[in-house]
Amino acid sequence: MRPTASVASPILSVSNLEVVYDDVIQVLKGVSLAVPEGKIVALLGANGAGKTTLLRAITGLLDVHEGEITKGSVTFAGRPIHHLPPTRIAALGIKQVLEGRRIFAELTVEENLRVGGHVAAKQLRTNLERVFGLFPVLAQRRKRTAGYLSGGEQQMLAMGRALMSEPRCLLLDEPSLGLAPLIVQQIRDLIVEINAGGTTVLLVEQNATMALSIAEHGYVMENGKIVMDKPAKELLEDSDVREFYLGLGAEGAAKSFRDVKHYKRRKRWLS
Ligand code: ATP
């Protein structure tokens, strides 16, 4: 399947990607996706669909997990990157914020941010102030041990750390996971602000409402394949997406969690 994200030229594109873990477990089965420069693209999918695996393939982190790209390609700014090591990929301007916000719990907020900035000392100070400007709560807590921050603050710290090296493209893996609705709103607004500053965003989310409300384009992944690929507005209107991800029936009434779970068990996008 060819990606159809936008007429704008993609800064990041994935083509027919196949990934296998432990030489035998095929998790990605020909995934194609395009992220236009300067936009937000959402990637939706249930647990185990392969979203994190796709991010690992883009950032070169499959090795660590005994995974391997067996077919297909990833290109960034027109250049193939799927054979490059993670450090080279990061240096080209792709940064991933891992699911579960892996911060250094024993380090202070400021130390965590300094670790993220692979730049000269003067630039480091500028970037630190820029990140503190974006996340004022981190500035207030700059000397605090990161492990004592709230979940939302830790998510902001993980995002701030990724921004310290001024990436061109930010990959966010479920930034809203486990956060209260009000904090999810804040994270959502921050993603919009980061994007408005010129950073392209690939947003992996199970919170489809949040992701599709800010993305220009969305992909739905199931069982290692892209099964839907549409402008975000159209995905929000799609009856399958509304029922499956938003828990809304055709009449707009919210379904119970049990109903949605039941639906998840019987629903198959692909026969
Ligand atoms: P989640 O939101 O639950 O993380 P996901 O869509 O990100 O889901 P992945 O984490 O990419 O999905 O996992 C896709 C499949 O690959 C799952 O069946 C998972 O068990 C399997 N998998 C992930 N990592 C490994 C690994 N290191 N070795 C073997 N199988 C793995």
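Residues numbered from 1 in each chain as written. Predicted model: local features only at pLDDT ≥ 70, side-chain atom pairs only at ≥ 80, totals over all residues. Heavy atoms only, no water.

### Digging into the overall build of the chain
Selection rule: In this text, helices come from DSSP runs of H or I with a minimum length of four residues, and strands from runs of E with a minimum of two, each type numbered from the N-terminal end. Buried, partly exposed and exposed residues are distinguished by accessible area as a fraction of the type maximum, computed with a 1.4 Å probe on protein chains only: under 20%, between the cut-offs, and over 50%, respectively. Here a residue-residue contact requires only that any non-hydrogen atoms of the pair lie within 4.5 Å. All accessible-area figures derive from a Shrake-Rupley calculation using a 1.4 Å probe, and residue coverage is judged against the displayed protein chains alone.
The helix and strand tally for the chain stands at eleven helices and ten strands. Taking all 271 residues of the chain together, the buried fraction comes to 51%. When contacts within the chain are restricted to residue pairs at least 6 apart in sequence, those whose partners lie at least 24 apart make up 68%. When the accessible surface of the chain is summed, it comes to about 13000 Å², and 51% of that surface belongs to carbon and sulfur atoms.

### Structural notes on the confidence of the model for the chain
Which entries qualify depends on this criterion: pLDDT is a residue-level measure of predictor confidence that goes from 0 to 100.
Looking at the chain, the pLDDT average stands at 87 and 87% of residues meet or exceed 70. This model gives residues 252–263 a pLDDT under 50, and the stretch forms 15 contacts once residues within four places in sequence are excluded.

### A few points about the nonpolar core
Note the following rule: What we call a nonpolar core is a set of buried Ala, Val, Leu, Ile, Met, Phe, Trp, Tyr and Cys residues that are connected through their side-chain atoms within 4.5 Å.
Core analysis: the largest hydrophobic core is formed by 48 residues, its most contacted members being F135, M159, I191 and L203. When residues in this core are grouped by element, the largest group, six residues, is from helix α6 (residues 151–163). If you look at the next biggest cluster of nonpolar residues, it comprises 33 residues, including V41, L54, L84 and M221.

### A look at the sheet that holds strand β6 (residues 94–97)
For the record, the criterion: In short, DSSP must find at least two bridges between two strands for them to pair. Axes here refer to lines fitted to C-alpha atoms; in helices the fit is confined to the stretch in contact. Angles between the N-to-C directions go from 0 to 180 degrees.
Strand order in the open sheet made by the six strands is β6-β7-β8-β3-β9-β10, with mixed pairing throughout. Single-partner strands in this sheet number two, and they are β6 and β10 (225–231). Strand-to-strand twist across the sheet, computed as the mean angle between neighbouring axes with direction ignored, equals 15°. When strand β3 (residues 40–44) meets strand β9 (residues 217–222), the two strands line up parallel, connected through four bridges. Across the sheet, residue L43 finds its bridge partner in β9, namely Y219.

### Some points on the site of the ligand
Basically, it comes down to this: Note on definitions. A residue lies near a molecule or strand when any single heavy atom of the residue is within 4 Å of it. Side-chain atoms alone can form a polar contact between residues adjacent in sequence; in general such a contact is a pair of N or O atoms within 3.5 Å, and within protein one must be able to donate a hydrogen while the other accepts it.
Taken together, 17 residues are adjacent to the ligand, and G48, G50, K51, T52 and T53 come closest. Between the ligand and N47, the relevant distance is 3.2 Å, taken from an oxygen atom to a side-chain nitrogen or oxygen of the residue. Contact distances for the ligand include 3.1 Å between a nitrogen atom and a backbone N or O atom of H65. The fraction of the free accessible surface of the ligand (630 Å²) that becomes covered by protein chains is 67%. Only β2 (25–36) and α1 (51–59) provide two or more residues apiece to the shell around the ligand. Element by element, the count of residues in the shell around the ligand is highest for α1, at four residues.

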